[in-house]
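# Architecture at a glance
Residues per chain, in single letters:
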Amino acid sequence: MNNFVDHVKIHCAAGHGGAGSAHLRREKYIPKGGPDGGDGGRGGNIIMKGNSHEWTLLPLRYTRHLKAGRGENGGKNQLTGAAGQDVFIEVPIGTIAKDEEGEIIGEILEHGQEIVVKKGGLGGLGNEHFKSATNQTPRYAQPGTPGEEGYVTFELKVLADVGLVGFPNAGKSTLLAAVSAAKPKIADYAFTTLTPNLGIVNYRNYRSFVMADIPGIIEGAAEGKGLGHRFLRHIERNSILLFLIPADSDNHWNEFKILENELRKYNPELLDKEFILSVSKADLLDDDLKIEIAREFPENQKPLFFSAVTGEGIEALKDEVWRRLSMEI
Ligand SMILES: Nc1nc2c(ncn2[C@@H]2O[C@H](COP(=O)(O)OP(=O)(O)OP(=O)(O)O)[C@@H](O)[C@H]2O)c(=O)[nH]1
C-alpha cells in the first residue's frame, strides 16, 4: 500500500556552456589571418518529460543527482562546439516540478511534453564576433556561462479524483473519451486498455476533475489472475470510485457485488471510499427495462443510467461525481 512515491527531491545540474575559441587563422600564404574561433556549444538541459506509461515517481526514488553534459568548446575554422547532452527525467502525467523556493517550474499535462527544469549555460562567443575596425585580431573569446543548478522537487498531485471500476468491456474507455479530452484506445474485446488512462473532465464554471480508466478487473483478479492485481494499485489513491455495470449484464446487482468483492480481497480499505453505481450503455435499454434493472438494487443504492454513445445521463453523472468530490474535500 505504500508503493506510491509522490514526492522526490533531486539535485539537478545543467551543463556548463562551452567556451568560445580565440583562435587566429594561420595559413602559409596568409601570415596575418583573422580570428576564426567558433562559439562554444550550449550546456545540456535537465528536462522532465511526460510519459503516460509511468504512474508513480517510484523509479526516481534513489536518484539524488542529475548532471547534464558540458557544451564543447568552439574550435578553429569557426567550428561551433557541440551542445552538451540533455538529461531527461520521465515522469507521469500530473507531475509538478518546483524549485528551491517552492515556485512551480511547470506541470506535465500530456505524454511527450517536455519542460526544462534546469537550463544549460550559454556557449561563449568565439573571437570572430569581436572583430572591429580598431581590432582586427581580437585575442579574446567569451567563456561559456554556468548551467543552472539546484534542488528540484517533483510532485505527483493526484492520481485521479474518480476511478472507473468495471469488468472489461463495461464501457470505461468510451466514457472517458466522451467526457474528457483523453482519447483512449477503444475496442470491442476484453483488455483493450492495458495501462490506465487519465482524462481531465471539464465541469461547470471552469472546475475540473481527473477521471482514471483502470483496465478491467476480472473475477479472481485479487489472486493475481488476469491483469487485475497490478492495476488495482492505481485506484487506491482515487478519491471516489465509479462502478460501471453494462446494460447488457445478466445480473447487474450481482455484477456489482462481484466487483466489490474483488476490491475487498485486494484491499478492504478501498471499500471505505465513496462510490457511485452506474449502468452504462443505457441506450440499449427502454424505460421499462431501466425500471426493472433499478429494482435489482437496494433502495439507497440506485444506479445512475448513462450512455457514453448518446450522451444520455452524462451531465447527471458529472453532477453526481462533483457532488461527491465536494463532500470529500
Ligand atoms: N451501445 C453502447 N455501446 C457502448 C457504450 N459504451 C461503450 N460501448 C461499447 O462497448 C465496448 C467496450 O467499450 P470500452 O469502452 O472499450 O470498455 P472498457 O470498459 O474500457 O473495456 P476494457 O478496455 O477492456 O477494460 C465497445 O465496443 C464500445 O463501443 C454505450 O454507451 N452504448
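Naming follows an unreviewed UniProt entry, where the chain appears as GTPase Obg of Cruoricaptor ignavus. Within the UniProt record for the chain, the comment given under Function (unreviewed entry) is "An essential GTPase which binds GTP, GDP and possibly (p)ppGpp with moderate affinity, with high nucleotide exchange rates and a fairly low GTP hydrolysis rate. Plays a role in control of the cell cycle, stress response, ribosome biogenesis and in those bacteria that undergo differentiation, in morphogenesis control." Taken from UniProt, the Subcellular location (unreviewed entry) comment for the chain reads in full: "Cytoplasm".

## Digging into the overall build of the chain
Helix and strand counts for the chain stand at five helices and 14 strands. Residue burial in the chain is summarised as follows: out of 329 residues, 50% are buried. Pairs at least 24 apart in sequence give 73% of the contacts found in the chain among residues at least 6 apart.

## So, the pattern of salt bridges
Taken as a whole, this structure holds ten salt bridges when the rule is applied. One salt bridge connects Glu 315 with Lys 318, and the closest N-O pair in it is separated by 3.7 Å. With a gap of three residues between them, Glu 315 and Lys 318 both fall in helix H5 (residues 314-328), about one helical turn apart. For Lys 318, a relative accessible area of 13% puts it in the buried group. Arg 323 is the salt-bridge partner of Glu 320, the closest N and O atoms lying 3.1 Å from each other. One end of the pair, Glu 320, and the other, Arg 323, are both in helix H5, three residues apart, so they sit about a helical turn from each other. For Arg 323, a relative accessible area of 43% corresponds to the partly exposed category. One continuous salt-bridge network, built from bridges that share partners, spans Glu 274, Glu 320, Arg 323 and Arg 324.

## Observations regarding helix H4 (residues 287-296)
The set of residues buried in H4 consists of Lys 290, Ile 293 and Ala 294. Relative to the axis of H4, the buried residues are bounded by an arc of 100° and lie together on one face. Of the residues in H4, the exposed ones pointing more than 90 degrees away from the buried face are Asp 288 and Arg 295.

## Regarding the sheet that holds strand S7 (residues 114-118)
The sheet built from three strands is open, its strands ordered S4-S2-S7 with mixed pairing. Whereas interior strands pair on both sides, the edge strands pair on one side only; in this sheet they are strand S4 (87-91) and S7. Between one strand and the next, the sheet's axes are offset by a mean angle of 30°, whatever the strand orientation.

## Looking at the side chain of Ser 21
Relative to the assigned elements, Ser 21 resides in the loop between strand S1 (7-13) and strand S2 (46-50). Among residues more than four places away in sequence, those in contact with Ser 21 are Gly 37, Gly 38, Gly 74, Gly 75, Lys 76, Gly 126, Asn 127 and Ala 141.

## Brief notes about the nonpolar core
Formed by 21 residues in total, the largest nonpolar core has its most connected members in Leu 175, Phe 209, Met 211 and Leu 242. Elements that contribute at least two residues to this core include exactly strand S9 (162-165), helix H1 (172-179), strand S11 (208-213), strand S12 (240-246) and H5. For this core, the element with the highest residue contribution is H5, accounting for five residues. Look past the residues within four positions of Phe 209 in its chain and what remains in contact with it is Asp 161, Val 162, Gly 199, Ile 200, Val 201, Tyr 203, Lys 318, Val 321, Trp 322 and Leu 325.

## Quick word on the packing of aromatic side chains
On inspection of all chains with the given rule, the structure shows six aromatic pairs. Each ring, one from Phe 243 and one from Phe 275, has its centre 5.5 Å from the other, and the planes form 85°; the classification is edge-to-face. Note that Phe 243 is positioned in strand S12 and Phe 275 in strand S13 (residues 274-280), a separation of 32 residues in sequence. Measuring from ring centre to ring centre gives 5.3 Å for Trp 253 and Phe 256, while their planes differ by 45°; the resulting arrangement is tilted. With Trp 253 and Phe 256 both in helix H3 (residues 252-266) and three residues apart, this pair spans about one turn of that helix. Phe 256 matches Trp 253 in its accessibility class, with the two residues each being buried. An aromatic cluster of at least three residues, connected via ring pairs, comprises Phe 243, Trp 253, Phe 256, Phe 275 and Phe 297. Over the ring of Tyr 151 we find Lys 9, and its NZ or CZ is 5.2 Å from the ring centre. Against the face of Phe 88 rests Lys 49, its NZ or CZ located 5.7 Å from the ring centre.

## Some details on the sheet that holds strand S3 (residues 65-67)
Where strands meet in a sheet, backbone hydrogen bonds hold them as pairs that are either parallel or antiparallel. The strand order S3-S1-S8-S5-S6 describes an open sheet built from five strands, whose pairing is mixed. The outermost strands of the open sheet, each flanked by one partner alone, are S3 and strand S6 (104-107). On average, each strand axis in the sheet is inclined to that of its neighbour by 25°, with strand direction left out of account. Pairing geometry for strand S5 (residues 95-98) and strand S8 (residues 149-156), over four bridges, is antiparallel. For Ala 97, the partnering residue across the bridge sits in S8 and is Phe 154.

What counts, and at which threshold
Residues numbered from 1 in each chain as written. Predicted model: local features only at pLDDT ≥ 70, side-chain atom pairs only at ≥ 80, totals over all residues. Heavy atoms only, no water. UniProt positions renumbered as here; feature names shortened; annotations may be inferred. Helix = DSSP H or I, 4+ residues; strand = E, 2+ residues; numbered from the N terminus. Buried < 20%, exposed > 50% of the residue type's maximum accessible area, 1.4 Å probe, protein only. Contact = heavy atoms within 4.5 Å. Salt bridge = Lys/Arg side-chain N within 4 Å of Asp/Glu carboxyl O. Arc of directions from axis to C-beta. Pairing = 2+ DSSP bridges. Axes fitted to C-alpha atoms, helices over the stretch in contact; angles between N-to-C directions. Core = buried A, V, L, I, M, F, W, Y, C linked by side-chain atoms within 4.5 Å. Phe/Tyr/Trp six-rings, centres within 6.5 Å; stacked < 30°, edge-to-face > 60°. Lys NZ or Arg CZ within 6 Å of the ring centre and 35° of its normal.

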